[in-house]
Every structure is written in C-alpha cells, then in structure tokens.
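Chain by chain, the residues run as shown.
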Amino acid sequence: MRAVLTWRDKAEQCIYDLAFKPDGTQLILAAGNRLLVYDTSDGTLLQPLKGHKDTVYCVAYAKDGKRFASGSADKSVIIWTSKLEGILKYTHNDSIQCVSYNPVTHQLASCSSNDFGLWPPEQKSVSKHKSSSKITCCSWTNDGQYLALGMFNGIISIRNKNGEEKVKIERPGGSLSPIWSIYWNPSSRWERFWMNRGKKDAEEAIVNRYFQERPSSLKSVVYSSKGSESEEEEDDSSRDDISEEHNDILAVADWGQKLSFYQLSGKQIGKDRSLNFDPCCISYFTKGEYLLLGGSDKQVSLFTKDGVRLGTVGEQNSWVWTCKVKPDSNYVVVGCQDGTISFYQLIFSTVHGLYKDRYAYRDSMTDVIVQHLITEQKVRIKCKELVKKIAIYKNRLAIQLPEKILIYELYSDDSSDMHYRVKEKIVKKFECNLLVVCADHIILCQEKRLQCLSFRGVKEREWQMESLIRYIKVIGGPPGREGLLVGLKNGQILKIFVDNLFAIILLKQATAVRCLDMSASRKKLAVVDENDTCLVYDIHTKELLFQEPNANSVAWNTQCEDMLCFSGGGYLNIKASTFPVHQQKMQGFVVGYNGSKIFCLHAFSMSAVEVPQSAPMYQYLDRKMFKEAYQIACLGVTDTDWRELAMEALEGLEFETAKKAFIRVQDLRYLELINSIEERKKRGETNNDLFLAEVFAYQGKFHEAAKLYKRSGHENLALEMYTDLRMFEYAKDFLGSGDPKETKILITKQADWARSINEPKAAVEMYISAGEHVKAIEISGDHGWVDMLIDIARKLDKAEREPLLMCAHYFKKLDNPGYAAETYLKIGDLKSLVQLHVETQHWDEAFALGEKHPEFKDDIYVPYAQWLAENDRFEEAQKAFHKAGRQGEAVRVLEQLSHNAVVENRFNDAAYYYWMLSMLCLNIAQDPAQKDVMLGKFHHFQHLAELYHGYHAIHRYTELVPLCYRCSASNPLLNNLGNVCINCRQPFVFSASSYEVLHLVEFYLEEGITDEEAVSLINLEAPSHKGENKWQEITSNNSQTLSLDETVDSVGEDDPFTAKLSLEQGGSEFVPLVVSRSVLRSLSRRDVLIKRWPRPLQWQYFRSFLPDAPITMCPSCFQMFHSEDYEQLVLQHTCCPYCRRRIDDPSP
C-alpha cells in the first residue's frame, strides 16, 4: 500500500472536523468559526460559510445529501442545505462537541458538554437529554436504531432513537482514558441493505437475516471490568471469527491510547489494541474493510477492520484532528491542527503468486487466499499481519510478513488438496523485491542479487547479476535442484539451478525483459521486452523464430510444445507453430496456459478462461496435418470443432484420426461407416473413390458422391442414393434419357415420397404420370378432390374396371351420386347402378331402371318398401312388398299395423288393415297350393275387419237395434247367436260407416246359373205390375156410396222373390235364399247389389227392400253404406272410409 498526495491546502485555523457530501463531490471543513467548502476533484475552495460566532468543532452530512449540520463553541447548531444555505438554527446550554445524522431517518443528534439533543427533520422541536459527562463523540448504527455516545469519563452509552440508554460500557481507564472517537463499522447488514435496496433479492435476504439474528430490543446492560468482558481467555482466532459475522461493530479509540471493538450488546470483541499515541479521530472505509486513525503521532495510520496496523497514509507537521474516506473510493482527506488539509489516494498493490493451476493472493492486506483455478476451490489463511510477499510452487507456499516468513505445505500429495499447514517459520526481517519458493529453499530477489535460503533461514548460495532483475520464475526440476528462469533489465536471460553457483546465460537481447516463459520441452523461449514485443527463440540455436507486437505477458501451453499465448492491448493472442496469430478480446494479463485454460489476472482477481483451441486446430487442418490437429483438439475445442476435425480427416481418408474424433462427439453413424470401410479394406477392397463417395453421401455432398459413384462404376448406387433421399429431379438428371421403365419406377417412388411428406396433389399427378391410377384415385378420394376423380374417371378406358369402380365408390362416399351413376353406366354395372339409386333413394330412377330390367325388381321394391316402413308409410310399404312379390313381408306389415291399431283403440284403422289382409290373402289364394289356407284367412280377416269396423261405431256409444229384413223380426242388442237373426238365422248386412243393419237380404243362385248369366237376367227389365184403380158402388138402405179401391197385387202373386222369401223363411237352421232364373228375371237392376269377388271366390248378391233408401257399395272393398253417409265421408276424406280407396283412383 502506498499513499499518493493528490492535493493539499492550508487554512488559517485548526481543522477540527470534516464531512463529505454523500456523492463525494464536495468536502465540508470546520475551520475556526467558518465552514470551508472544497471541490474534492482538485482542492478548489468553493465557498466559505459564516454563521457561527465561535470555533466550529463538528460537521456532519445527511446520507440523502439534502442537508448538513455544523456545531460550534457558540452553543448553536446550524442546519445547511446542499445549496450551502442555512435554514435552521437551535442551541444547547454548552458548546457543541459533535453532531451525527441518522442514516435512515435523517434524525440529527447534537451533543454538548452536558446534554445531547435529537432533532427529527419533520419536527421543529428538539428533544434534549442530560448527560453525566462531557460527550466527545457520537455515531449512529447503520440501521439508525441506536446512537453510541463517547464520553470524557471513559463511558460509552448506547441509546435508542428516543434517547433512552440501553447499554452502558465502562472502560477500565475511566476518566483517565476519555473516549475521543467512536465509529460503527459500515459493513453490517443494514449498510448493505441500503446499498442494495434496489435489488429485491438482496433486500429480502438481508432483511430476513437481520430479523432472524438480531434481538428485537436491547436490555439495559452495564459492562464494567478490568480490560473488558471479552478478555477472558479469548484468543485472537476467536476474535477473528466473531469479526467475520455481520454484526454491528463499534470501533472505540480513547486517550488511554487503546483501540477496542464492541458488539451492539456491549460485549467487547478481542482485546484492546495498544496505539502508543493519543487518537483524535477514527474513520472506516465505505465497505468497512479498513479504518483510519489519526492523532498525536502527527500521521494517519491504516488499520484492518480487526485493528491490525498496515502502514502510514501520510505524515503531518501537527496533530491530526480529523480524517475521513471519500465515499466509495480509496481517497483519504486529513485535517490537522495547523490548518493543513491533505488529500491522498491510496494505491493497494497486488501481492500474489502462481504455479500452474494454483493461485495465491493477498486479501484484506492480512489474509492469503489460495485458489485452485480448475476446481474453483478457495482456502483462506489468516496471517493477522501485513502480507508483503507471496510465493507458491507445487505443494509449497511462502508468505512474507513484516518480521518473518512462513513456509506452508499441503497435507497430502492429492492434486486437489487445499489444506495447508505451517512447515517452517523464518523469524527474520527481510527486504526483497521478489520472493520465490522451491521444494526446499526460498529465493530472495534484491535488486541485482539473488539469495538462496534454506527453510531454516540459512543462506546457502548467492548470485550477483549484471543488471536489475526484472523477472524470475521456477521452471521445475528435482527437489533441491530446481531451475530458475531469470530476466534482466539489460536483456540478458539466464537459467539458474538452486544447487549450482554458476548461472547459465541462455541468450542476450538488446531490450529489457518484462516477462519470460519456457516451452514444455525446454526447447523454446518466449520473451516479452520493454517495447511490448513478444519474441520466441530456439534455445539451442539462439535463433529468433518469430516475433509478435502488442504483448505485455506471455505463457507457453504446458501440454503442447508448439502453442503459446500472449496478451496486450485488450486482446488475447494464441499462436500455434508458425501459423498466424488468432485474436480475441480479453482484459488483463496472461500468466498461465494449461490445455484449453488460460489464466488471466485482471485488476485484483485471477480467473481461468476456457479458450477453445479452434483457431490453431483449423490452421493444422488447412494443411491436412490431421494428427497434429487432433493433438490440438485434445487440449480443448468445442463439439463443433471435433466434428469438423472428424469430417476433414474422413474426407482425407485418415480413418484412425476420424474415428477418434467421432468417438469424442459420440457419432455412432459415422463410426459405423468407418468400421464398414475398414472391414471392406481388410477384405481387399481398394477403390478409394467408392469409399470417398460413401463419405460424401454421409456428409450430404450428394452430387460429389454421385460423380464418384459414376467414376467408380456404381451408377446404380448413385440412383439409389438420390431416390432414398427423395432427390428425384437430380435422379432424373442423372438418368438422362435412359430406360423408360426405370424412369417410371423413379416417378412412382417420387410420388410415394410426396405422399409420405403430405404433398398429396403432387403425388396424384405423379401417380397418374406413372400409370398408377389406383393410388391416384385413393389419394384423391381420401382428400375429397371430386374434380380430380372426375378427370381420372373420364380419361380411363371402360375396360379398366377396378379403378373405375374405385372412382364410383369415392363418388358415392363424397355425395356425388350423379358421377357415380355415370361411372357405373360406363362399365355397364347395372346392379351397382340400381344399388346406387336405392341407397340415394332416387326411387323414380330406380323404378325406371326396374321397368327396363325386371330382374332387378326385388332389388328395388324391397328396399323401397323398407324405406317406406321406416318413414311410417306402412300402407305404401305393404303395397311395395306386395309388388316385389314379398307376400310374407306384406302380411307381416299389415298384421303389425292391425295389432298396433287395436292396441291403440283405433278400431276403424284396425278394420281397414284387416280388410287389406283379407284381400292380400285372397290374392295369395290364387296359388292352388295355398288356396284353402288363404281362403280361410280371407274369411277370418274379413270377419275381423267387419267386427272392428262395427266396433268402431259401438265404441262411440251408438245405439243399435237390429231388424231382420227377411223375416221382419226385431233382434236384441246382445245376441248370443252373433250377427244373425234369432228367428230365421239370416246374417245381417251392416253399414260400414254407422254399423246399422242395412235393408238388404243376401240370395244365392240356383245350381247351373253362372255369374255372367245372372247379371244378364237381372239387367233384363221385366214389366212391372201396377196396381189398378177400381171404383166400387155400395148401396145401402139409405144411401149409395162410390169409393175408389186401390189394391196392389199380393206379394206372392206379383213378386216372385218376395213369394220365395215367404215360403223359405223360419226354422232353427239357416236356410239360404236360392233364386231361379225367373226370379232373377223379375228383379230390378237398381234393387240388386253384387259383390264381384275375384277368383276363386263366388260373387255375392243382395236385394234391397227399400229402394227409396239408396245404398252405395265401394267397388274396391265391397262394403255397403247408406248413400248419404258414404257421400259425406268421401267429401271429408276423399276416399272410401273402409278401404281408403281414393275417389279419383280409376283402378278397381
């Protein structure tokens, strides 16, 4: 450490106190009864401030930089703004001794000889508290919670923000040792909290730790003992451990010439430090790592935070009353009794040593940290004294202290071991420029002289040089016989062995040496001279191999003979062999080069920079020096570089190097290729063109591979490569106008590839071009491309049945039945066309096709009937089944309809369905094999139809009183005999609408009379017998009367049918009414109703006995109705109420 005077000034009066503005731009001095404001950059006096009437003893600046305060012997305190304007003044009862701002709340503490005051800036009043003794100094804790007061009677009082005493520390000297200066170490957690308050993570960590470790409040404690409470058997090591904790630590300097440290609780840390002078001021550096003390010794001394004296900042001509550190800097200002103001810059030099991957450096001036640059492990060695020099070599570490040299060794030979122990102590004061340690010796460099000492401090050997020694380095060797490389200012470079008195001159150059290093094989020497030039020599021939400019340090790679690096101008330069230099930006000095790690010293820290050896490797590759490139790569390159090396070696057919490189990047694919080539070479293959073609193919250099395949006579391999890679255009170009069959195969493969990469349209076009219509149709159909399907279908020949059927399938699937029909017609597939019409329910087209081709009748009407049934059009479905010849299905439909109608009380519908069933059975009865069964079913269903039709009226509560028109007998409503007359057993004929008994009597034809003859006889109109009007004269005794007698011929005489009816009625058995030809001839056509049943049924004949009450018979179902009822129902429903035959239906 050395102090450089930046500027100096002198005031007329004593400088009792000073304060920096928090940003460090201004300095406020208390000089006489004035305040002097200086510019810290150049010592310019900016402005004197007058406000006090007597000597100003103290000054303090608020941490926010908005105001500062001054206290004077005139008993007043003045508050000044940062613009140097006084804004407030208050007084005490005695002279003001010290002032201090709370760093958090900016509350001002002002202390006088008999009291102290607390003034918060937001209030006008000052709260004052009495003191038992004169207060000489004060200091707030960094969190602003407590105020420490130093008193003339040797007592330290710690108060809270309200002025209440919490801790009282009684120093052993009492009033003989006044407390003259106190200061809280700013490195506590709260100081760091305010410095990092913008960093959320740091803030949370500090606050949490603070509240976990710090008691919520301090109890009132009084410490009083001889020395201090902490002196009980407490050694320095325990003091160091405690000081490492981030507690609030108070530094105390008294006029008992002691320096002491206390915790907030009042407990002393360590023992008192003797000063041998009366301290007047104490001050910490911003981060608390050092403190300054000044006083009667007329100088400012620098101490560690633990109280270890490090040196003198500056000697003065009078007592030093105040000294402070500029915020966040290494600048120190000193104020003296004679008015001198001195501004110094402290320069802390780097003390360190390096050997391979171990770096030792000084920390906090008294500690040594050994860092393993590879593993990043660190170990701290606390020396508790100023560390002056450090040297490290293998397992040895030498530390020079002011009065001794400590020799350490590692506990074990493990390369990663970081545990050191003291091996020897040389208790003697040495003055040297450089320190070197070997296995059994230390080397002291003193200007031109080197001294070799044993670890016991015995000088064994000495070398006197011609010029100043500028550089010295241990270059290894057996223990006790190590070699040293020494560079002199006159340009001479020597090699010295510690067991040899004679130095060996390696070479002599014209310029001074700044840095030296020797290659791993000791064959080459690199020198950096005072002109910043790096020169490389061959040690044996003394030949200058090359030189490079802009170098400040150089280092050979310890693992590669031909590689070195040097730094300078903000760049790192790496040079391999005689190749050009590779540069990259880097700050600092190169001090070591091991493999791919370059050890760089920047400012005060050493770091291991991982530098890929890519550039030199590529330089070797450019010259096809694959083995040398591999050696460079082994030092450390990226995976990309390894792969490039592998590829280059592979292309150069250097398979051994390529294999090693591919193993590094774990590329199994290329390793398989290399193994395959090696196996083929073992079998006798020697075609390097073929091998290289495969290499190019693996690398993606397909055109080059194809050329080599062709040159080696393996065109088929080139074609296979292109097709496998889907590079079809290149394959076509490679084929040229070759075999069309191969071209077609190529196009098909290309289409397959287009399909696999989801480019279906391109695949379709290629498939069509290659004649693969089925695949083209499949893709088009799957993607719904109807237009493309149409184009394909129309271009295909009708003989290509399979693709056309596939087209039709996709047309159907894509809801384009018209194109499907066109396709089926093209190939003549009528059955599929019928199925298409049925599936699409285009019934008219299906029926038209069925008319032309009756063989498809079943294929049309059966699905049609099923469709009708599914759509609740059961009657039409039944007809369709019937038309399709599916009588069984037709019957089942009607039976189900009938059953449902009965269950649902739709008796009229039930009657209708049963009637339809009966007619269906009648139709089936035309088949002789089923005639008897079907006729039975016919009568049964006819009977059920009439029953349900009648019950429809009964269900509607219609009163029916049957009258027999054959015998004129009245019948009860409930008739056990059924629907026949109880008298003559003649069956009743009911109206199909009202279920009333109609005035009809059924008659039968005599045997031998056919239906046609009977109809012709009935149609003959016989002359009617009209009644004759006769006048009768009746003469009595008194009168003569003329009367008109209208008589009709008796039935028996004039109406043969009525006469026949009278003769044949009566009896317990039913006697059918059978008429002859004469009776038929006598009947009127309008009185006779005929049910003209189809074969095999006989026709039925009925005679109306009330011609004036007309009866209408449906020509379809042959049901009888009163004509008025029938006409009304037809008008309502436009169909027969029984069989539901529409009135506009011409069919019977």
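Residues numbered from 1 in each chain as written. Predicted model: local features only at pLDDT ≥ 70, side-chain atom pairs only at ≥ 80, totals over all residues. Heavy atoms only, no water.

Trainee: Provide a residue-level description of the overall build of the protein, including the pertinent values.
Mentor: Helix and strand content of the protein: 30 helices and 64 strands. By the burial criterion, 50% of the 1148 residues in the protein qualify as buried. For the protein, the proportion of contacts with a sequence separation of at least 24, taken over those separated by at least 6, is 44%. Here the protein displays about 55100 Å² of accessible surface, and carbon together with sulfur accounts for 48% of that area. (Helix = DSSP H or I, 4+ residues; strand = E, 2+ residues; numbered from the N terminus. Buried < 20%, exposed > 50% of the residue type's maximum accessible area, 1.4 Å probe, protein only. Contact = heavy atoms within 4.5 Å. Areas by Shrake-Rupley, 256 points an atom, 1.4 Å probe, with all protein chains shown as cover.)

Trainee: Mind laying out the packing of aromatic side chains, listing which residues take part and the relevant values?
Mentor: How two aromatic rings sit relative to each other is set out by the distance from centre to centre and by the angle between their planes. In this structure the tally under the stated criterion is 27 aromatic pairs. Relative to W80, the ring of F68 has its centre 6.1 Å away and its plane inclined at 10°; by these criteria the two rings are stacked. With F68 in strand β7 (residues 67-72) and W80 in strand β8 (residues 76-81), this pair connects stretches of sequence that are 12 residues apart. Judged on exposure class, the residue F68 and its partner W80 are both buried. Ring plane angle 20° and centroid distance 5.5 Å describe the contact between Y331 and F343, whose orientation is recorded as stacked. A residue pair is termed long-range when its members are at least 10 positions apart, and Y331 in strand β28 (residues 331-336) and F343 in strand β29 (residues 340-347) qualify at 12 residues. Relative accessible area serves as the criterion here: at 1%, F343 is assigned to the buried category. A network of ring pairs unites the aromatic residues Y16, Y57, F152, W180, W255, W319 and W321 as a single cluster. (Phe/Tyr/Trp six-rings, centres within 6.5 Å; stacked < 30°, edge-to-face > 60°.)

Trainee: Provide a residue-level description of the environment of D829, including the pertinent values.
Mentor: Locating D829 in the fold gives a position in the loop between α18 (817-827) and α19 (830-839). By relative accessible area, D829 is classed as buried at 11%. Not counting chain neighbours up to four residues away, the residues in contact with D829 comprise R801, L805 and Y824.

Trainee: So, the side chain of D254: which residues are in play, and what are the values?
Mentor: Take D254: it is sitting in strand β20 (residues 249-254). At 2.9 Å, the side chain of D254 forms a polar contact with the side chain of R171. (Polar contact = N/O pair within 3.5 Å; in protein donor to acceptor, adjacent residues only side chain to side chain.)

Trainee: For the pattern of salt bridges, give the residues involved together with the corresponding values.
Mentor: With the rule as written, the count across this model stands at 24 salt bridges. Where R171 meets D254, a salt bridge forms, and the shortest distance between an N and an O atom there is 2.9 Å. Of this pair, R171 sits in the loop between β17 (165-170) and β18 (179-184) while D254 is found in strand β20, placing the two residues 83 residues apart along the sequence. Residue classification places D254 among the buried positions, given a relative accessible area of 1%. Measuring nitrogen to oxygen at the nearest pair gives 3.7 Å for the salt bridge that ties K624 to E648. (Salt bridge = Lys/Arg side-chain N within 4 Å of Asp/Glu carboxyl O.)

Trainee: Let's hear about the nonpolar core: which residues, and what values?
Mentor: Among the nonpolar cores identified, the biggest contains 49 residues, and L397, I442, L450 and L484 are the most heavily contacted of them. Top contributing element to this core by residue count: strand β36 (residues 405-410), with 5 residues. Apart from the residues lying within four places of it in its own chain, the contact partners of L397 are A360, V370, I381, I390, A391, I392, L406, I407, Y408 and Y420. Membership of the second largest hydrophobic core comes to 45 residues, among which are V891, A901, A925 and L1000. (Core = buried A, V, L, I, M, F, W, Y, C linked by side-chain atoms within 4.5 Å.)

Trainee: Describe the sheet that holds strand β21 (residues 258-263), listing the residues and the values that go with them.
Mentor: In space, the 4 strands of this open sheet follow the order β18-β20-β21-β22, with antiparallel pairing throughout. Of all strands in the sheet, those with a lone pairing partner are β18 and β22 (273-274), marking the two edges. (Pairing = 2+ DSSP bridges.)

Trainee: Summarise the UniProt feature "repeat: WD" (unreviewed entry) in the protein; cite the residues concerned and give the values.
Mentor: Residues annotated in UniProt with the feature "repeat: WD" (unreviewed entry) correspond here to residues 49-80. Taken end to end, residues 49-80 comprises 0% helix and 59% strand; its first and last C-alpha atoms sit 10 Å apart. (UniProt positions renumbered as here; feature names shortened; annotations may be inferred.)

Trainee: Lay out the side chain of D641 with the relevant residues and their values.
Mentor: Among the secondary structure elements, D641 is positioned in helix α6 (residues 639-651). Buried charge without a salt bridge: D641, with R643 as the nearest opposite-charge side chain at an N-O distance of 10 Å. One polar contact links D641 to T638, side chain to side chain, over a distance of 2.9 Å. Filtering out sequence-adjacent residues up to four positions away, D641 remains in contact with P612, S614, M617 and Y618. (Lys, Arg positive; Asp, Glu negative; His and termini not counted.)

Trainee: Account for helix α7 (residues 655-665), naming residues and giving values.
Mentor: All of the buried residues in α7 are F655, T657, A658, A661, F662 and V665. When α7 is viewed along its axis, its buried side chains cluster within an angular range of 155° and face the same direction. Among the structural elements, α5 (626-633), α6 and α8 (668-682) are those in contact with the buried residues of α7. At the C-terminal side of α7, Q666 shows a positive phi close to 55°. (Arc of directions from axis to C-beta.)

Trainee: Break down the packing of helix α16 (residues 786-795) against helix α17 (residues 801-813) for me, citing the residues and quoting the values.
Mentor: For the pair α16 and α17, interaxial distance at closest approach is 10 Å and the crossing angle is 155°. Taken together, the axes of α16 and α17 lie roughly antiparallel to each other. Like other packed secondary-structure pairs, α16 and α17 cross with a definite hand, here left-handed. Taken together, the residues of α17 that come into contact with α16 (itself represented by V786, L789, I790, I792 and A793) are L804, C807, Y810 and F811. (Axes fitted to C-alpha atoms, helices over the stretch in contact; angles between N-to-C directions. Parallel < 35°, antiparallel > 145°, perpendicular 65-115°, else oblique. Left-handed = near helix turned anticlockwise from the far one by under 90°.)

Trainee: Residue-level account of helix α4 (residues 614-622), with values.
Mentor: For α4, a buried count of 7 out of 9 residues is recorded, marking the element as mostly surrounded by other parts of the structure. Within the span of α4, buried status applies to S614, A615, P616, M617, Q619, Y620 and L621. The elements touched by buried residues of α4 are β51 (563-568), β52 (571-576), β53 (582-585), α5 and α6. Directly beyond the C-terminal end of α4, a positive phi value near 60° is found at K624.

Trainee: Just give me the short version of the sheet that holds strand β56 (residues 605-610), but keep the residues and values in it.
Mentor: Strand order in the open sheet formed by 3 strands is β54-β55-β56, with antiparallel pairing between adjacent strands. Of all the strands in the sheet, just β54 (589-594) and β56 have a single pairing partner and so form its edges. Recorded for the sheet is a direction-independent mean angle of 25° between the axes of neighbouring strands. Judged from the 6 bridges that link them, strand β55 (residues 597-602) and β56 form a sheet pairing that is antiparallel. The partner of I598 across the bridge, within β56, is V609.

Trainee: Which residues make up the environment of V590, and what are the values?
Mentor: Here V590 is to be found in strand β54. C-alpha of V590 to C-alpha of N573: the two residues are 17 residues apart in sequence and 9.7 Å apart in space. In this structure V590 touches S553, V554, A555, C565, F566, S567, L572, I598 and F599, once residues within four positions along its chain are discounted.

Trainee: Account for the pairing of strand β57 (residues 1000-1005), with residues named and values stated.
Mentor: Of all 6 residues making up β57, 5 are buried, and the element is well covered by its neighbours. Pairing of β57 with strand β62 (residues 1100-1104), which is carried by 4 bridges, proceeds in the antiparallel orientation. The residue bridging V1001 from the neighbouring strand is R1103, located in β62. Relative to strand β60 (residues 1074-1075), β57 runs parallel, the two being bridged by 2 bridges. Paired with Y1004 across the two strands is V1074, which belongs to β60.

Trainee: Give a detailed account of the packing of α4 against α5, specifying residues and quantitative values.
Mentor: Between α4 and α5, whose axes approach to 8 Å, the crossing angle comes to 170°. Classified by the interaxial angle, the pair formed by α4 and α5 is roughly antiparallel. In this structure, α4 uses P616, M617, Y620 and L621 to contact α5, whose residues at the interface are F626, E628, A629, I632 and A633. When its residues are assigned to classes, the contact of α4 with α5 shows 8 nonpolar, no polar and 1 charged. (Nonpolar A, V, L, I, M, F, W, Y, C, P; charged D, E, K, R; others polar.)

Trainee: Break down the environment of P178 for me, with residues and values.
Mentor: Residue placement: P178 occurs in the loop between β17 and β18. Judged by its relative accessible area of 6%, P178 is buried. In this structure the C-alpha to C-alpha distance between P178 and F152, which are 26 residues apart in sequence, comes to 4.3 Å. Among residues more than four places away in sequence, those in contact with P178 are M151, F152, G154, D254 and W255.

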